[in-house]
Amino acid sequence: MARQRLQNYLDTLKNEGIMDGEYEETRKVQSGTNPPNFMMDLINSFLRDGDNSMRDLADLLNARNVDFTKVTTAAHLIKGGGNSLGGCRVVAAACALISASLDQDKQRCVTSHEWVVNEYYHFRDKLGTLYQRYSISSALILVELVEDGSSPSGNGLRN
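Residues numbered from 1 in each chain as written. Predicted model: local features only at pLDDT ≥ 70, side-chain atom pairs only at ≥ 80, totals over all residues. Heavy atoms only, no water.

(A) Layout of the packing of aromatic side chains. Scanning the entire structure with this criterion turns up three aromatic pairs. On the numbers, 5.6 Å between centres and 50° between planes, the contact of F46 with Y120 is tilted. Of this pair, F46 sits in helix α3 (residues 38–62) while Y120 sits in helix α6 (residues 106–148), and the two are 74 residues apart along the sequence. Assigned by exposure class, F46 and Y120 land together as buried. With a centroid separation of 4.9 Å and an interplanar angle of 85°, the aromatic rings of Y120 and Y121 are classed as edge-to-face. Given the relative accessible area of 35%, Y121 is considered partly exposed. Three or more aromatic residues joined by ring pairs form one cluster here, namely F46, Y120, Y121 and F123. (Phe/Tyr/Trp six-rings, centres within 6.5 Å; stacked < 30°, edge-to-face > 60°. Helix = DSSP H or I, 4+ residues; strand = E, 2+ residues; numbered from the N terminus. Buried < 20%, exposed > 50% of the residue type's maximum accessible area, 1.4 Å probe, protein only.)

(B) Spotlight on unusual backbone geometry. A positive phi is found at Q104, a non-glycine position, where the angle reads about 55°. Position of Q104 relative to the elements: it lies in the loop between α5 (88–102) and α6. Since its relative accessible area comes to 56%, Q104 is described here as exposed.

Shape is all these values report; function is a separate question.
Next up, the structure:
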């Protein structure tokens, strides 16, 4: 039951166009080779590193002389993190910022940055909820396994 609620939330995020299939791909890849809390760790890392990159982007774009190389690097970090978690709208916004930065177009960078900010923080809120649901789901699955007399070696999130 806990797994199904978690899957329903993921399906909702996909249906709303917030996430795409990359999240499921990452989850499948991690199932056999990484620790059970890999997805929770990945979400936590994205939230921490993403917040740092967002601050860096704001500082870089507010500078008198924009260092477009650093803007591109920070935007790539947002894009990569978003992509690994299926954040398709964050990825699209980051791609627009990368393009503007490569063209060294400050006005397009500012406009694209606004889009990145909106998409990043929207995705961040959804990931926060997902993280909480993972935590609850992990605990409930463990309880279900103990009640069923099953071994808790697989937490059900590794499917």
